[in-house]
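What the coordinates show
Here is what each chain is made of, one letter per residue.
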Amino acid sequence: MSSVDLLLTHALVVTQDKKRSIIPDGLIAINDGRLLAVGPYNELKSHYTSKETINLTGQIVFPGLINTHDHLFQVATKGLGEDKPVQDWVTVVTAPTAAKITPEEMYLFCLNGCLELIHSGVTTVVDMSYMAHSFELHEQNIRAIRQSGLRGRYTSIISDFGLDYGIPPELIKPIDWFLQEYDRLLQQYPPDDRMAVWIAIGAPWTITDIGLKKTIEFSKKTGTRIVMHINENWLDNKSSLDRFGKKAVPYLAESGLLSPELLAIHCVNMDDSDIELFARNDVKISYNPISNMYLGSGIAPILKMEKAGLTISLGVDGAGSNNSQDMIETLKAAALLQKVAAQDASVVNAQQILDWATLGGAHTLGLEDEIGSLENGKRADLFVVAPNTPKVVPIHDPVASLVYSCSEENIMMTIADGVILMRDGVIQGLDEKDIVQKCQRAGLELADRCGSNSLVKRSWNGNKS
């Protein structure tokens, strides 16, 4: 018998392998952060002993969810941007927050966001910070992701342009300043199994033509992937037409940005020619349905993009344009929004949504051989659902129940790289109650310091209660 670190037994296991196999009474053997064995309990039980065995009778195991777009620091802005279109929201809420936030606050808000991701079954996050006015902001953001135990990809937005579009002057710097920051980040945080630094560009309207060219050169020289908001709303095309005489996606294609290493966020305002250019260059897509609804941006033509062969993944986006970091909520919204757009309930099903949130995310990160499914040899990234609430039962199909019925309260355990981050609904190794209380106080103080409280109409002011 082989000795392993952890055995999970008697769970219904949704593997997400090529056959989309589901094991009714499964055993998962985890050792040194990897899945040593995944299969029927009766076939494997005599092969392994473990330091710890967890009986998951009546519960369901899924591969860890992969959140391909977030702004973790925006936890500070929950509820401040309500009922505002994206440009007003940036000007009044998120940009001032990014300009005024301290390193201590950055750590706290990012950590709080990571905890909610863990509560909703996420094991990997691609985070996009805004321009850091001190290097310590980068450090504290990355520290929070690492301390939470999540697998992370960290980016910080380049904006050497955008004053006319609401970007405050504090967040605009020369392109060479940003690239020097990235050079230092890449030296200080060389990629490993848990964390890597990617490059972020805010949007076509936050970067100059020369800035874009230098960023692409830097990306190729360092082998670093790029993340960019593209066609979130009408502004990308308008600004590109005004500045360069062509719409955003053709301009970006001509600039050489489009490639398999580009992760395009939102992609709401896309026509057929845009999609064809993306498909020709194998651009990866992060679909953020709740943010797109919250900001009134529109409905991304995700099914058209998928039909064109593009890789689709899911993101919660920042809490400023979502008001939560709940990936389970995102699964349902991702499906329903596409059904509404098509006025046809059959256009997308629960299995497609789970594929986007797992396999699509893994392929987007270039980690399809490591995460995204529960198969022998892959990293032990998974979460456990307990169907123990009236909202969920009865279960006829575990995948449909996850997408359409579950909520955070049904997520009992989250494991990343073989480490239990949450058990029985309780975060491990961190004082969640203390973090939440500190986050509440810090959020009110930061909103006052930024002036957001005075610019947003609300029925109640927590500071004056």
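Now for a description of the structure that goes with this document. Each chain carries its own residue numbering, running from 1 in the written order of its sequence. Two thresholds apply to this predicted model, a pLDDT of at least 70 for residue-level local features and 80 or more for giving and counting side-chain atom pairs, whereas whole-chain, interface and lining totals are computed over all residues. Think of the side-chain values as coming from all heavy atoms in the structure, minus any hydrogens and water.

The subject of this paragraph is the overall build of the protein. Working definition: helices are DSSP H or I runs of at least four residues, strands are E runs of at least two. Numbering for both runs from the N terminus. Regarding its fold elements, the protein presents 16 helices and 20 strands. All radius of gyration figures rest on C-alpha atoms, and the globule criterion is 2.2 Å times the number of residues raised to 0.38. What you see for the protein is a C-alpha radius of gyration of 22 Å, in line with the 23 Å of a compact globule of 465 residues. Over its C-alpha atoms, taken along the principal directions, the protein stretches across nearly 65 × 55 × 45 Å. Each residue's exposure class comes from its accessible area (1.4 Å probe, protein chains only) as a fraction of the maximum for that residue type: buried when under 20%, exposed when over 50%, partly exposed otherwise. Of all 465 residues assigned to the protein, the portion counted as buried reaches 61%.

Once that is clear, we can look at unusual backbone geometry. Put simply, V393 and P394 share a cis peptide bond, and its omega is 0 degrees. When you line up the elements, P394 lands in the loop between β17 (382-385) and α14 (398-404). Unusually for a residue other than glycine, C267 sits at a positive phi of about 55 degrees. Structurally, C267 can be placed in the loop between β14 (262-266) and α9 (272-280). You will see that N323, though not glycine, has its phi angle at about 75 degrees, which is positive. Note on placement: N323 falls in the loop between β16 (311-314) and α12 (327-342).

Turning next to the side chain of S373. Following the sequence through the fold, S373 ends up in the loop between α13 (350-364) and β17. Relative accessible area serves as the criterion here: at 1%, S373 is assigned to the buried category. Within the local environment of S373, its side chain forms a polar contact with the side chain of K378, the two groups lying 2.7 Å apart. Within 3.5 Å is the distance limit for a polar contact, defined as a pair of N or O atoms, with the added protein rule that one can donate a hydrogen and the other accept it, and that residues adjacent in sequence qualify only through two side-chain atoms.

With that out of the way, let us pick up the nonpolar core. Counting residues in each nonpolar core, the largest one holds 134 residues, and the members touching the most others are F278 and I285. Counting residues per element, this core draws most heavily on helix α3 (residues 103-119), at 10 residues. Not counting the four nearest positions on each side in its chain, F278 is found in contact with I230, V249, L258, A264, C267, M270, V283, I285 and L310. For the purposes of this section, nonpolar cores are sets of buried Ala, Val, Leu, Ile, Met, Phe, Trp, Tyr and Cys residues that join through side-chain atoms within 4.5 Å. In this structure, I28, V61, L382 and I415 belong to the second largest nonpolar core, which totals 19 residues. What makes two residues a contact is simply this: any of their non-hydrogen atoms within 4.5 Å.

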